[in-house]
Amino acid sequence: MSNEEVLKYAVFAFIAIFLIANLPAKKKPKEKTFVCARCKNESPHTERTIEAWRRKKSKFYCKSCHAKWVESQPRQTRSAYETRRSSGSGCLGFIVIFIAIPISYFIF
Ligand SMILES: [Zn+2]
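Owing to the predicted nature of the structure, the values given are computational and were not obtained by experimental measurement.

**Here we look at the overall build of the chain**
- Each helix and strand counted, the chain has four helices and two strands in total.
- For the chain, the N- to C-terminal ordering of α and β elements is α-β-β-α-α-α.
- For the chain, the residues scored as buried account for 5% of the 108 residues in total.
- Contacts spanning at least 24 positions in sequence make up 43% of the contacts within the chain whose residues lie at least 6 apart.

Structure, rendered in structure tokens:
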């Protein structure tokens, strides 16, 4: 492999990493806190509420109110909700590894 080729792959890898890092448009609400729609307490945004914000939800619930809501849900709905959450992140992690392996092969 010539130096030119190595440089070409390095640039490619750099662009790929840049794209991966920026792909899931990690938009965040301007405000660092929100007023809970249930107990009206001001709470700092968490990953969960930011996720809700990205889905254009207008109502946010603090941690304890959310826990109460989860408790009030029938068991079936709850497990479906939790399964969907965990499988989503697991899938993304798998994709990242899948892309990262060939890239690291080019670099090293
Ligand atoms: Zn609350």
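**Considering unusual backbone geometry**
- Of note in this structure, Lys40 is not a glycine but carries a positive phi near 65°.
- Among the secondary structure elements, Lys40 is positioned in the loop between strand S1 (33-35) and strand S2 (42-44).
- Of note, Lys56 is a non-glycine position whose phi angle comes to about 65°, a positive value.
- Mapping Lys56 onto the fold places it in the loop between helix H2 (47-54) and helix H3 (63-72).
- Classification of Lys56 by C-beta neighbours within 10 Å gives exposed; the count is 6.

**A few points about the environment of His45**
- The topology assignment puts His45 in the loop between S2 and H2.
- Leave out the neighbours within four places in its chain, and His45 touches Pro29, Lys32, Thr33, Phe34 and Ile50.

Each value, and the rule that gives it
- Numbering of residues begins from 1 in every chain and follows the order in which that chain's sequence is written.
- Per-residue local features are limited, in this predicted model, to residues with pLDDT of at least 70; the limit for side-chain atom pairs, both in listing and counting, is 80 or more; totals at the level of whole chains, interfaces and linings are taken over all residues.
- Going along the chain from the N terminus, every DSSP run of H or I of four or more residues is numbered as a helix, and every run of E of two or more is numbered as a strand.
- Exposure in this text rests on C-beta crowding, where 20 or more other C-beta atoms within 10 Å of a residue's own make it buried, 12 or fewer make it exposed, and counts in between make it partly exposed. The C-beta atoms are placed from the backbone.
- Throughout, a pair of residues is in contact if the C-beta atoms placed from their backbones lie within 7 Å.

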